[in-house]
Amino acid sequence: MGLSRAYDSPDSIYVRADTVFVAGTQISRWGENFRDIVDDIKLPFGGTRSTYRYEQLQKALAAHPEVKHMVGHSLEGAVILEAAKSRPDLKTTTYGAPVFDIVPKTLLEKAPNRFANRGDPVASFDSKAQSSVN
């Protein structure tokens, strides 16, 4: 429900209680779709912090100090994972994020809150994502 509201929100971010939800690429929104696609191209080249959605997330975090958890979908999962690097106090949950982590999780390692559908090309290199068929 929170991600659905983020997709409906004008800035693609929705805050509920102590959780901020960040929507993925807005393909169906005229004007935003081109900006989001250009920003998505920046991600594999280390340009996550220069994306519009990262900027919007930073504004939301500044306006809502009560936030303790960030949830992101698809390519914007990369945005919350990047934000978490400078805010390790925040818990993260991603769905279908473009994470390049090909080293399998060890038995002693706690599973991250990363989820992906089997066959999802965006999250295909996230070996630590918990996978399912949806």
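If you're wondering where the values come from, they're calculated on a predicted model, not measured in any experiment.

Asks: Could you give an account of the nonpolar core, with specific residues and numbers?
Replies: One finds Ile-13, Val-20, Leu-57, Leu-61 and Met-70 to be the most contacted residues of the largest nonpolar core, which totals 14 residues. Listing elements by their share of this core, those giving two or more residues are strand S2 (19-22), helix H3 (52-63) and helix H4 (77-86). Residues contacting Leu-61, with those up to four places away along its chain left out, are Val-20, Val-67, Met-70, Arg-87 and Leu-90. Listed in part, the six residues of the second largest apolar core include Leu-3, Tyr-14, Ala-23 and Val-71.

Asks: Lay out the pattern of salt bridges in plain terms, naming residues and giving numbers.
Replies: When their charged atoms lie close together, side chains carrying opposite charge are able to pair. Taken as a whole, this structure holds five salt bridges when the rule is applied. The partner of Lys-85 in a salt bridge is Glu-82, and the shortest N-O contact between them spans 3.1 Å. You can see Lys-85 and its partner Glu-82 sitting in helix H4, three residues apart, about one turn around the helix. Note that Arg-87 is salt-bridged to Asp-89, the shortest N-O span being 3.0 Å. Linked through salt bridges whose partners overlap, the residues forming this network are Arg-49, Glu-82 and Lys-85.

Asks: Tell me what's going on with helix H2 (residues 32-42), and back it up with residues and numbers.
Replies: Every buried residue of H2 is accounted for by Glu-32, Asn-33, Asp-36, Asp-39 and Asp-40. Viewed along the axis of H2, the buried residues span an arc of 130°, placing them on a single side of the element. In H2, the exposed positions angled more than 90 degrees off the buried face are occupied by Phe-34 and Ile-41. Against the buried residues of H2 lie H3.

Asks: Give me the pairing of strand S5 (residues 114-117): which residues, what numbers.
Replies: Only one face of S5 is covered, namely the one carrying Arg-114 and Ala-116; the face carrying Phe-115 and Asn-117 has none of its residues buried. Relative to S5, strand S4 (residues 91-95) runs parallel, the two sharing two bridges. Paired with Thr-94 across the bridge in S5 is Arg-114.

Asks: Give me the side chain of Thr-51: which residues, what numbers.
Replies: The residue Thr-51 is located in the loop between H2 and H3 in this model. For Thr-51, a relative accessible area of 3% puts it in the buried group. Apart from residues no more than four positions distant in its own chain, Thr-51 is found in contact with Asp-39, Lys-42, Leu-43 and Val-79.

The rules behind these values
- Residues numbered from 1 in each chain as written.
- Predicted model: local features only at pLDDT ≥ 70, side-chain atom pairs only at ≥ 80, totals over all residues.
- Heavy atoms only, no water.
- Core = buried A, V, L, I, M, F, W, Y, C linked by side-chain atoms within 4.5 Å.
- Buried < 20%, exposed > 50% of the residue type's maximum accessible area, 1.4 Å probe, protein only.
- Helix = DSSP H or I, 4+ residues; strand = E, 2+ residues; numbered from the N terminus.
- Contact = heavy atoms within 4.5 Å.
- Salt bridge = Lys/Arg side-chain N within 4 Å of Asp/Glu carboxyl O.
- Arc of directions from axis to C-beta.
- Pairing = 2+ DSSP bridges.

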